[in-house]
Amino acid sequence: ALRLPEKDKEWMGYRVTVLQALGVLDAKGKPTARLDVVKKANLARLDEASFNKERQKMIDTCKKCHSDTFAKENLKNADQMIKASDKIFAEAINIVKDLYKDGIIEKKTNQATWPYPDLLTFYEVNTHVEELLYEMFMDYRMKTYQAAFHMMPDYTTWYGYAKLKEALVEMKKEADIMRKMKAKK
């Protein structure tokens, strides 16, 4: 559920943050060497034409049983679920980024010059707040995405989106505790 470019400026802001945490964009929003890996693996739609081609395939599949309008509306609704989840996820990424910036969480050697958490190395985290971010990425956002595009609103909501929101609340609480502990030292 990562495509570029994005016409919705608000959503594009969330996407940039997610792509920075994936190491695809640098801190200034410029492409990194990881973008080449993403391109070769075809992990994201990086131009409007390739996105539209894949979207049309989805619509054509849905139209075997449903009307064109039904298919397009449901895909539009799924897009809105992803935008909402990206908003939460970007906020969570920034919580961890700020904990790094403020020296509350020590960065690993491979992250020394990178201001963002590296989602591709998150199976080796040192704190609960980082672990929550990893779960958001690998589990809750994925469930939101998969279920939204398979028109499973109950699963999207309870096992994806609601879990994203729950993890964000826990991350905020944990970050606050970490900051207070650091201030006492």
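Scroll up for the structure.
Residues numbered from 1 in each chain as written. Predicted model: local features only at pLDDT ≥ 70, side-chain atom pairs only at ≥ 80, totals over all residues. Heavy atoms only, no water.

Another point: the environment of M58. You can see M58 is positioned in helix α3 (residues 48–62). If we ignore the near neighbours within four places in the chain, the residues touching M58 are L75 and F149. (Helix = DSSP H or I, 4+ residues; strand = E, 2+ residues; numbered from the N terminus. Contact = heavy atoms within 4.5 Å.)

Time to look at the environment of A78. By the secondary structure assignment, A78 is in helix α4 (residues 68–101). Judged by its relative accessible area of 3%, A78 is buried. A sequence separation of 70 residues divides A78 from A148, and the C-alpha atoms of the two residues are 4.8 Å apart. Setting aside chain neighbours within four positions, we find A78 in contact with A148 and F149. (Buried < 20%, exposed > 50% of the residue type's maximum accessible area, 1.4 Å probe, protein only.)

In this structure the tally under the stated criterion is 17 salt bridges. The partner of E10 in a salt bridge is K83, with the nearest N and O atoms 3.2 Å apart. With E10 in helix α1 (residues 9–21) and K83 in helix α4, this residue pair connects regions lying 73 residues apart in the sequence. Taking the shortest distance from any N to any O, the salt bridge between D79 and R55 comes out at 2.9 Å. Of this pair, D79 sits in helix α4 while R55 sits in helix α3, and the two are 24 residues apart along the sequence. For the pair formed by D79 and R55, the shared burial category is buried. (Salt bridge = Lys/Arg side-chain N within 4 Å of Asp/Glu carboxyl O.)

A few words on the packing of aromatic side chains. The tally for this structure, following the rule as stated, stands at three aromatic pairs. Judged by centre distance (5.9 Å) and plane angle (5 degrees), the ring pair of F89 and F137 falls under stacked. Residue F89 is found in helix α4, and its partner F137 is found in helix α5 (residues 128–149); the two are separated by 48 residues along the sequence. The burial state of F89 is the same as that of F137; both residues are buried. The ring of W11 carries R15 above its face, with NZ or CZ at 4.1 Å from the centroid. (Phe/Tyr/Trp six-rings, centres within 6.5 Å; stacked < 30°, edge-to-face > 60°. Lys NZ or Arg CZ within 6 Å of the ring centre and 35° of its normal.)

Keep in mind these numbers describe shape, not what the thing actually does.
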